[in-house]
Amino acid sequence: MKFVDEYRSGESVGEYCRALAEITTQPWTIMEICGGQTHSIVKHGIQEMIPPELTLLHGPGCPVCVTPMELIDHAVHIASLSNVIFCSFGDMLRVPGSEKDLFSVKAKGGDVRIVLSPMEALEIAKEFPEKEVVFFAIGFETTAPANAMAIHQARQENLKNISFLVSQVIVPPAMRTILEFPDNRVQGFLAAGHVCTIMGTQEYEPLAREFQIPIVVTGFEPLDIVQGIYMCVRQLEAGCAQVENQYSRAVKKEGNLAAQKLIEEVFQIVPQKWRGVGEIAQSGLGLKNSYSAFDASTRFLLESRRCEIDSPCISGEVLMGIKKPDECTAFGTSCTPDSPFGATMVSSEGACSAYFRYKRVAP
Ligand code: SF4
(Lines give C-alpha, C1' and ligand atoms only; values in the text may rest on other atoms or scores of the structure.)
Protein backbone atom coordinates (compact mmCIF):
# COMPACT_ATOMS: atom_id res chain seq x y z
CA MET A 1 0.00 0.00 0.00
CA LYS A 2 1.40 3.38 -1.05
CA PHE A 3 2.79 5.48 1.86
CA VAL A 4 2.61 2.46 4.18
CA ASP A 5 4.62 -0.46 2.79
CA GLU A 6 7.73 1.59 1.98
CA TYR A 7 7.68 2.96 5.55
CA ARG A 8 7.74 -0.60 6.93
CA SER A 9 10.72 -1.73 4.86
CA GLY A 10 13.24 -3.52 7.09
CA GLU A 11 15.98 -2.77 4.58
CA SER A 12 15.37 1.00 4.67
CA VAL A 13 15.12 0.98 8.48
CA GLY A 14 18.45 -0.88 8.62
CA GLU A 15 20.08 1.70 6.33
CA TYR A 16 18.96 4.55 8.57
CA CYS A 17 20.17 2.73 11.68
CA ARG A 18 23.61 2.35 10.08
CA ALA A 19 23.60 6.05 9.10
CA LEU A 20 22.63 6.92 12.69
CA ALA A 21 25.60 4.94 13.99
CA GLU A 22 27.89 6.95 11.71
CA ILE A 23 26.74 10.37 12.94
CA THR A 24 26.29 9.58 16.67
CA THR A 25 29.35 10.62 18.69
CA GLN A 26 27.89 10.97 22.20
CA PRO A 27 24.79 10.08 24.33
CA TRP A 28 21.54 11.85 23.48
CA THR A 29 18.08 11.52 25.00
CA ILE A 30 15.06 11.97 22.74
CA MET A 31 11.37 11.85 23.68
CA GLU A 32 8.66 10.71 21.29
CA ILE A 33 5.48 12.57 22.22
CA CYS A 34 2.77 10.25 20.99
CA GLY A 35 1.64 6.89 22.33
CA GLY A 36 1.27 5.65 18.74
CA GLN A 37 4.98 6.35 18.22
CA THR A 38 5.78 4.59 21.50
CA HIS A 39 3.94 1.49 20.36
CA SER A 40 5.80 1.50 17.05
CA ILE A 41 9.14 1.87 18.86
CA VAL A 42 8.47 -0.93 21.35
CA LYS A 43 6.71 -3.25 18.87
CA HIS A 44 9.51 -3.04 16.29
CA GLY A 45 12.37 -3.04 18.80
CA ILE A 46 13.66 0.31 17.56
CA GLN A 47 15.43 1.18 20.83
CA GLU A 48 17.48 -2.01 20.43
CA MET A 49 18.29 -1.24 16.75
CA ILE A 50 19.63 2.30 17.18
CA PRO A 51 23.08 3.10 18.64
CA PRO A 52 23.28 2.39 22.40
CA GLU A 53 24.23 6.04 23.05
CA LEU A 54 20.65 7.04 22.15
CA THR A 55 17.92 6.83 24.78
CA LEU A 56 14.25 7.11 23.86
CA LEU A 57 11.84 8.40 26.50
CA HIS A 58 8.09 8.00 26.12
CA GLY A 59 5.96 11.12 26.29
CA PRO A 60 2.48 12.16 27.41
CA GLY A 61 0.70 11.86 24.06
CA CYS A 62 -1.95 9.30 24.97
CA PRO A 63 -5.35 11.00 25.38
CA VAL A 64 -6.88 8.18 27.40
CA CYS A 65 -3.88 8.16 29.77
CA VAL A 66 -3.99 11.87 30.60
CA THR A 67 -7.75 12.24 31.16
CA PRO A 68 -7.97 13.12 34.86
CA MET A 69 -9.43 10.66 37.34
CA GLU A 70 -11.90 13.35 38.44
CA LEU A 71 -13.38 13.36 34.92
CA ILE A 72 -13.69 9.56 34.95
CA ASP A 73 -15.58 9.87 38.25
CA HIS A 74 -17.85 12.51 36.68
CA ALA A 75 -18.42 10.22 33.69
CA VAL A 76 -19.28 7.32 36.00
CA HIS A 77 -21.71 9.53 37.92
CA ILE A 78 -23.50 10.76 34.79
CA ALA A 79 -23.57 7.32 33.14
CA SER A 80 -25.22 5.87 36.26
CA LEU A 81 -28.24 8.18 35.96
CA SER A 82 -31.35 6.40 34.73
CA ASN A 83 -32.33 8.81 31.93
CA VAL A 84 -28.84 9.07 30.41
CA ILE A 85 -27.27 7.42 27.37
CA PHE A 86 -23.53 7.86 27.85
CA CYS A 87 -21.45 7.65 24.64
CA SER A 88 -17.70 7.15 24.64
CA PHE A 89 -14.76 5.82 22.68
CA GLY A 90 -14.19 2.20 23.74
CA ASP A 91 -10.77 2.78 25.33
CA MET A 92 -12.31 4.96 28.03
CA LEU A 93 -14.55 2.25 29.49
CA ARG A 94 -11.82 0.45 31.44
CA VAL A 95 -9.95 3.52 32.68
CA PRO A 96 -10.20 3.36 36.48
CA GLY A 97 -11.84 6.19 38.38
CA SER A 98 -11.32 6.53 42.11
CA GLU A 99 -13.90 3.77 42.74
CA LYS A 100 -15.35 2.47 39.48
CA ASP A 101 -14.94 2.54 35.73
CA LEU A 102 -17.53 3.02 32.98
CA PHE A 103 -17.40 -0.67 32.16
CA SER A 104 -18.72 -1.57 35.61
CA VAL A 105 -21.57 0.94 35.14
CA LYS A 106 -22.42 -0.75 31.84
CA ALA A 107 -22.20 -4.19 33.47
CA LYS A 108 -24.75 -3.08 36.05
CA GLY A 109 -27.22 -2.04 33.36
CA GLY A 110 -26.18 1.57 32.70
CA ASP A 111 -26.75 2.68 29.11
CA VAL A 112 -23.09 3.18 28.16
CA ARG A 113 -22.49 2.96 24.42
CA ILE A 114 -19.23 2.70 22.51
CA VAL A 115 -19.21 5.01 19.50
CA LEU A 116 -16.59 5.66 16.84
CA SER A 117 -17.27 9.37 16.42
CA PRO A 118 -19.10 12.18 18.20
CA MET A 119 -21.49 12.43 15.24
CA GLU A 120 -22.84 9.01 16.25
CA ALA A 121 -23.84 10.53 19.59
CA LEU A 122 -25.79 13.21 17.72
CA GLU A 123 -27.67 10.52 15.83
CA ILE A 124 -28.47 8.74 19.10
CA ALA A 125 -29.74 12.03 20.58
CA LYS A 126 -32.11 12.45 17.62
CA GLU A 127 -33.29 8.84 17.89
CA PHE A 128 -34.01 9.08 21.65
CA PRO A 129 -35.35 12.62 22.28
CA GLU A 130 -36.70 11.57 25.68
CA LYS A 131 -33.17 10.70 26.91
CA GLU A 132 -30.20 12.87 27.89
CA VAL A 133 -27.27 11.88 25.65
CA VAL A 134 -23.74 12.70 26.83
CA PHE A 135 -20.57 12.31 24.75
CA PHE A 136 -17.19 11.95 26.47
CA ALA A 137 -15.19 14.42 24.34
CA ILE A 138 -11.59 13.56 25.11
CA GLY A 139 -8.39 13.83 23.13
CA PHE A 140 -5.59 15.97 21.78
CA GLU A 141 -5.72 18.42 18.86
CA THR A 142 -6.46 15.42 16.61
CA THR A 143 -9.97 14.83 18.00
CA ALA A 144 -10.76 18.49 18.64
CA PRO A 145 -12.07 19.27 15.11
CA ALA A 146 -14.51 16.32 15.12
CA ASN A 147 -15.70 17.18 18.62
CA ALA A 148 -16.03 20.85 17.66
CA MET A 149 -17.99 19.88 14.55
CA ALA A 150 -20.42 17.76 16.59
CA ILE A 151 -20.97 20.53 19.16
CA HIS A 152 -21.42 23.14 16.43
CA GLN A 153 -23.87 20.85 14.61
CA ALA A 154 -25.82 20.21 17.83
CA ARG A 155 -26.31 23.97 18.18
CA GLN A 156 -27.22 24.38 14.50
CA GLU A 157 -29.86 21.66 14.86
CA ASN A 158 -31.06 23.08 18.18
CA LEU A 159 -30.66 19.70 19.90
CA LYS A 160 -31.64 20.10 23.54
CA ASN A 161 -30.89 16.58 24.82
CA ILE A 162 -27.16 16.28 24.11
CA SER A 163 -24.16 17.57 26.04
CA PHE A 164 -20.42 16.98 26.06
CA LEU A 165 -18.10 16.06 28.93
CA VAL A 166 -14.97 17.75 27.64
CA SER A 167 -11.37 16.84 28.39
CA GLN A 168 -9.40 18.22 25.44
CA VAL A 169 -5.66 18.67 25.87
CA ILE A 170 -3.04 20.37 23.73
CA VAL A 171 0.57 19.31 23.26
CA PRO A 172 2.96 22.33 23.35
CA PRO A 173 2.25 23.34 27.01
CA ALA A 174 3.00 19.76 28.12
CA MET A 175 6.32 19.87 26.24
CA ARG A 176 7.11 23.15 28.00
CA THR A 177 6.32 21.54 31.38
CA ILE A 178 8.70 18.65 30.62
CA LEU A 179 11.46 21.04 29.56
CA GLU A 180 11.01 23.14 32.70
CA PHE A 181 11.42 20.16 35.07
CA PRO A 182 14.60 20.73 37.10
CA ASP A 183 15.77 17.19 36.29
CA ASN A 184 14.63 17.17 32.68
CA ARG A 185 16.65 14.77 30.51
CA VAL A 186 14.98 15.42 27.14
CA GLN A 187 17.34 16.90 24.53
CA GLY A 188 15.19 16.46 21.43
CA PHE A 189 11.55 15.73 20.60
CA LEU A 190 9.78 13.65 17.99
CA ALA A 191 6.52 15.62 17.73
CA ALA A 192 3.30 13.78 16.90
CA GLY A 193 2.61 13.79 13.16
CA HIS A 194 -1.18 13.51 13.39
CA VAL A 195 -1.45 16.46 15.78
CA CYS A 196 0.56 18.51 13.29
CA THR A 197 -1.73 17.58 10.39
CA ILE A 198 -4.27 19.74 12.26
CA MET A 199 -2.11 22.39 13.92
CA GLY A 200 0.88 22.57 11.54
CA THR A 201 4.47 22.92 12.70
CA GLN A 202 4.71 26.64 13.46
CA GLU A 203 3.54 26.47 17.07
CA TYR A 204 6.67 24.45 17.96
CA GLU A 205 9.10 27.11 16.77
CA PRO A 206 8.97 29.26 19.96
CA LEU A 207 9.73 26.14 22.05
CA ALA A 208 12.67 25.13 19.84
CA ARG A 209 14.09 28.66 20.07
CA GLU A 210 13.51 29.22 23.80
CA PHE A 211 14.83 25.85 24.97
CA GLN A 212 17.36 25.40 22.14
CA ILE A 213 15.98 21.95 21.38
CA PRO A 214 15.39 20.21 18.05
CA ILE A 215 11.80 19.17 17.37
CA VAL A 216 11.16 16.80 14.47
CA VAL A 217 7.55 16.20 13.41
CA THR A 218 7.45 12.45 12.84
CA GLY A 219 5.05 9.79 11.57
CA PHE A 220 4.27 6.42 13.07
CA GLU A 221 5.73 3.67 10.87
CA PRO A 222 9.15 2.22 11.77
CA LEU A 223 10.92 4.10 8.97
CA ASP A 224 9.22 7.35 10.03
CA ILE A 225 10.55 6.87 13.55
CA VAL A 226 14.17 6.08 12.62
CA GLN A 227 14.19 8.91 10.04
CA GLY A 228 12.86 11.25 12.75
CA ILE A 229 15.54 10.07 15.20
CA TYR A 230 18.20 10.52 12.48
CA MET A 231 17.06 14.10 11.76
CA CYS A 232 16.99 14.88 15.49
CA VAL A 233 20.47 13.44 16.14
CA ARG A 234 21.84 15.23 13.07
CA GLN A 235 20.67 18.52 14.60
CA LEU A 236 21.96 17.64 18.08
CA GLU A 237 25.39 16.71 16.75
CA ALA A 238 25.52 19.98 14.76
CA GLY A 239 24.31 22.11 17.69
CA CYS A 240 21.07 23.09 15.87
CA ALA A 241 17.65 23.63 17.43
CA GLN A 242 15.05 23.78 14.68
CA VAL A 243 11.62 22.43 13.86
CA GLU A 244 11.87 19.91 11.02
CA ASN A 245 9.13 17.94 9.30
CA GLN A 246 9.82 14.25 8.63
CA TYR A 247 6.08 13.63 8.02
CA SER A 248 5.77 15.96 5.02
CA ARG A 249 3.50 13.49 3.21
CA ALA A 250 0.75 14.47 5.68
CA VAL A 251 1.81 17.66 7.48
CA LYS A 252 1.89 21.19 6.09
CA LYS A 253 3.60 24.03 7.93
CA GLU A 254 0.29 25.86 8.42
CA GLY A 255 -1.71 22.71 9.23
CA ASN A 256 -5.39 22.32 8.40
CA LEU A 257 -6.79 25.85 8.51
CA ALA A 258 -10.45 24.79 8.22
CA ALA A 259 -10.06 22.46 11.22
CA GLN A 260 -8.28 25.17 13.24
CA LYS A 261 -11.13 27.60 12.45
CA LEU A 262 -13.68 25.11 13.73
CA ILE A 263 -11.70 24.56 16.94
CA GLU A 264 -11.51 28.33 17.48
CA GLU A 265 -15.25 28.69 16.87
CA VAL A 266 -16.19 26.25 19.65
CA PHE A 267 -13.29 26.07 22.11
CA GLN A 268 -11.13 28.42 24.14
CA ILE A 269 -7.77 27.77 25.81
CA VAL A 270 -8.14 26.86 29.50
CA PRO A 271 -6.00 25.40 32.29
CA GLN A 272 -6.24 21.62 32.26
CA LYS A 273 -5.54 18.80 34.70
CA TRP A 274 -3.45 15.92 33.33
CA ARG A 275 -3.80 12.58 35.07
CA GLY A 276 -0.83 11.83 37.30
CA VAL A 277 0.75 15.18 36.43
CA GLY A 278 -1.57 17.88 37.76
CA GLU A 279 -2.73 21.13 36.26
CA ILE A 280 -0.81 22.58 33.34
CA ALA A 281 -1.53 26.21 32.46
CA GLN A 282 -3.16 26.89 29.10
CA SER A 283 -3.02 23.20 28.16
CA GLY A 284 -6.69 22.44 27.54
CA LEU A 285 -9.63 23.38 25.38
CA GLY A 286 -12.89 24.25 27.12
CA LEU A 287 -16.21 25.25 25.59
CA LYS A 288 -16.66 28.92 24.79
CA ASN A 289 -19.50 30.70 26.59
CA SER A 290 -21.54 30.67 23.40
CA TYR A 291 -21.56 26.84 23.58
CA SER A 292 -21.92 26.48 27.37
CA ALA A 293 -25.45 25.06 26.96
CA PHE A 294 -23.74 21.89 25.72
CA ASP A 295 -21.39 21.57 28.69
CA ALA A 296 -22.25 18.35 30.57
CA SER A 297 -20.39 19.50 33.68
CA THR A 298 -22.82 22.42 34.14
CA ARG A 299 -25.89 20.54 32.93
CA PHE A 300 -25.26 17.83 35.55
CA LEU A 301 -23.89 20.27 38.17
CA LEU A 302 -20.58 18.48 38.60
CA GLU A 303 -18.36 19.87 41.31
CA SER A 304 -14.60 19.91 41.14
CA ARG A 305 -12.99 17.69 43.75
CA ARG A 306 -9.64 16.16 44.50
CA CYS A 307 -9.33 12.48 43.66
CA GLU A 308 -6.46 10.74 45.31
CA ILE A 309 -6.16 7.03 45.83
CA ASP A 310 -3.46 5.00 47.45
CA SER A 311 -1.78 3.27 44.51
CA PRO A 312 1.71 2.23 43.47
CA CYS A 313 0.99 3.66 40.01
CA ILE A 314 3.70 5.98 38.71
CA SER A 315 1.95 6.71 35.40
CA GLY A 316 2.50 10.46 35.87
CA GLU A 317 6.26 9.90 35.91
CA VAL A 318 5.95 7.53 32.94
CA LEU A 319 3.99 10.14 30.99
CA MET A 320 6.59 12.83 31.68
CA GLY A 321 9.52 10.60 30.67
CA ILE A 322 10.95 10.46 34.20
CA LYS A 323 10.56 6.69 34.50
CA LYS A 324 9.91 3.83 32.12
CA PRO A 325 7.02 1.38 32.63
CA ASP A 326 9.26 -1.51 33.68
CA GLU A 327 10.65 0.65 36.50
CA CYS A 328 7.20 0.48 38.16
CA THR A 329 7.06 -2.18 40.87
CA ALA A 330 3.53 -3.14 39.85
CA PHE A 331 4.33 -3.58 36.15
CA GLY A 332 3.31 -7.01 34.87
CA THR A 333 2.64 -8.34 38.37
CA SER A 334 -0.22 -6.62 40.17
CA CYS A 335 -0.84 -4.28 37.20
CA THR A 336 -1.70 -5.95 33.89
CA PRO A 337 -4.12 -5.09 31.04
CA ASP A 338 -6.70 -7.41 32.67
CA SER A 339 -6.31 -5.68 36.01
CA PRO A 340 -4.86 -2.22 35.36
CA PHE A 341 -4.01 0.31 38.07
CA GLY A 342 -3.34 3.19 35.71
CA ALA A 343 -4.58 4.46 32.37
CA THR A 344 -1.18 3.87 30.75
CA MET A 345 -1.87 0.13 31.13
CA VAL A 346 -5.49 0.39 29.94
CA SER A 347 -5.09 2.44 26.82
CA SER A 348 -4.06 0.82 23.56
CA GLU A 349 -1.71 3.81 23.18
CA GLY A 350 -0.34 3.70 26.74
CA ALA A 351 3.38 3.09 27.31
CA CYS A 352 2.75 0.45 30.01
CA SER A 353 0.45 -1.45 27.66
CA ALA A 354 3.10 -1.31 24.91
CA TYR A 355 5.77 -2.69 27.26
CA PHE A 356 3.39 -5.43 28.45
CA ARG A 357 2.46 -6.48 24.93
CA TYR A 358 5.86 -6.34 23.29
CA LYS A 359 8.63 -6.09 25.84
CA ARG A 360 7.65 -8.14 28.87
CA VAL A 361 10.13 -10.79 29.92
CA ALA A 362 8.40 -13.98 31.02
CA PRO A 363 8.86 -14.59 34.74
S1 SF4 B 1 2.57 -0.50 35.22
FE2 SF4 B 1 0.49 -0.04 36.00
S3 SF4 B 1 0.83 0.77 38.06
FE4 SF4 B 1 2.79 0.91 36.97
S5 SF4 B 1 2.82 2.95 36.03
FE6 SF4 B 1 2.00 1.56 34.50
S7 SF4 B 1 -0.24 1.71 34.80
FE8 SF4 B 1 0.71 2.54 36.66
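Attention here is on the structure that accompanies the text. The shown structure was predicted, so the numbers you read here are calculated from the model rather than taken from an experiment.

**Here we look at unusual backbone geometry**
Despite not being glycine, Asn158 has its phi angle at roughly 55°, a positive value. Looking at the element boundaries, Asn158 is found in the loop between helix H8 (144-156) and strand E6 (162-169). Backbone geometry places Gln212, a non-glycine residue, at a positive phi of 50°. Residue position: Gln212 is located in the loop between helix H11 (205-211) and strand E8 (215-218).

**Description of the site of the ligand**
Contacts to the ligand come from Cys313, Ile314, Ser315, Cys328, Ala330, Phe331, Cys335, Phe341, Gly342, Thr344, Met345 and Cys352. Of the residues contributing to the shell around the ligand, the split by class is nine nonpolar, three polar and no charged.

**A closer look at the pairing of E8**
Burial of the side chains of E8 extends over both faces: Ile215 and Val217 are buried on one face and Val216 and Thr218 on the other. Bridging between strand E7 (residues 188-192) and E8 involves four bridges; their strand directions are parallel. Opposite Ala192, over in E8, you have Thr218 as the bridge partner. Sheet topology note: the E8/strand E9 (residues 243-245) ladder contains three bridges and is parallel. Along E9, the bridge assignment pairs Ile215 with Val243.

**Regarding the nonpolar core**
The nonpolar side chains of a soluble globular protein tend to be buried, and buried together. Counting residues in each nonpolar core, the largest one holds 58 residues, and the members touching the most others are Ile78, Phe86, Phe136, Leu165, Phe189, Tyr204 and Ile215. The element that contributes the greatest number of residues to this core is helix H5 (residues 69-79), accounting for six residues. Taken domain by domain, this core gets at least three of its residues from each of domain 1 (1-305) and domain 2 (315-354). If we skip the residues at most four places from it in the chain, Ile215 touches Met175, Phe189, Ala191, Tyr204, Leu207, Ala208, Gln242, Val243 and Glu244. Ile124, Ile162, Leu285 and Phe294 belong to the second-largest nonpolar core, a separate cluster that totals 30 residues.

**Notes on the packing of helix H2 (residues 35-43) against helix H17 (residues 351-358)**
Interhelical geometry of H2 versus H17 gives an angle of 20° and a closest axis separation of 9 Å. It follows from the interaxial angle that H2 and H17 lie roughly parallel. The crossing of H2 and H17 is right-handed. Contact residues: Thr38, His39, Val42 and Lys43 in H2; Ala351, Ser353, Ala354, Tyr355, Arg357 and Tyr358 in H17. When the residues that make up the contact of H2 with H17 are grouped by side-chain class, the tally is five nonpolar, three polar and two charged.

**Describing the pattern of salt bridges**
Where charged atoms from two side chains of opposite charge approach closely, those side chains can pair. The tally for this structure, following the rule as stated, stands at twelve salt bridges. The partner of Arg176 in a salt bridge is Glu180, and the shortest N-O contact between them spans 3.4 Å. Of this pair, Arg176 and Glu180 both sit in helix H9 (residues 171-180), four residues apart, roughly one helical turn. With its nearest N and O atoms 3.4 Å apart, the salt bridge here joins Glu244 to Arg234.

**Details of the sheet that holds E8**
A sheet is described by the order of its strands in space; here five strands give the open sequence E2-E1-E7-E8-E9, paired in parallel fashion. Each having just a single partner strand, strand E2 (54-61) and E9 make up the two edges of the open sheet. For this sheet, the mean inter-axis angle between neighbouring strands, taken without regard to orientation, is 25°. In terms of strand pairing, strand E1 (residues 28-34) meets E2 through six bridges, oriented parallel.

**Side note on the sheet that holds strand E3 (residues 84-88)**
Spatially, six strands are ordered E4-E3-E5-E6-E11-E10 in an open sheet, and the strand pairing comes out mixed. Each edge of the open sheet carries a strand with a single partner, namely strand E4 (112-114) and strand E10 (267-274). With strand direction ignored, the average angle separating the axes of adjacent strands in the sheet is 25°. Looking at chain direction, E3 and strand E5 (residues 132-139) are connected through four bridges and run parallel.

Reading the values: the criteria
Residues numbered from 1 in each chain as written. Predicted model: local features only at pLDDT ≥ 70, side-chain atom pairs only at ≥ 80, totals over all residues. Heavy atoms only, no water. Helix = DSSP H or I, 4+ residues; strand = E, 2+ residues; numbered from the N terminus. Near = heavy atom within 4 Å. Nonpolar A, V, L, I, M, F, W, Y, C, P; charged D, E, K, R; others polar. Buried < 20%, exposed > 50% of the residue type's maximum accessible area, 1.4 Å probe, protein only. Pairing = 2+ DSSP bridges. Core = buried A, V, L, I, M, F, W, Y, C linked by side-chain atoms within 4.5 Å. Domains from an automatic or database assignment. Contact = heavy atoms within 4.5 Å. Axes fitted to C-alpha atoms, helices over the stretch in contact; angles between N-to-C directions. Parallel < 35°, antiparallel > 145°, perpendicular 65-115°, else oblique. Left-handed = near helix turned anticlockwise from the far one by under 90°. Salt bridge = Lys/Arg side-chain N within 4 Å of Asp/Glu carboxyl O.

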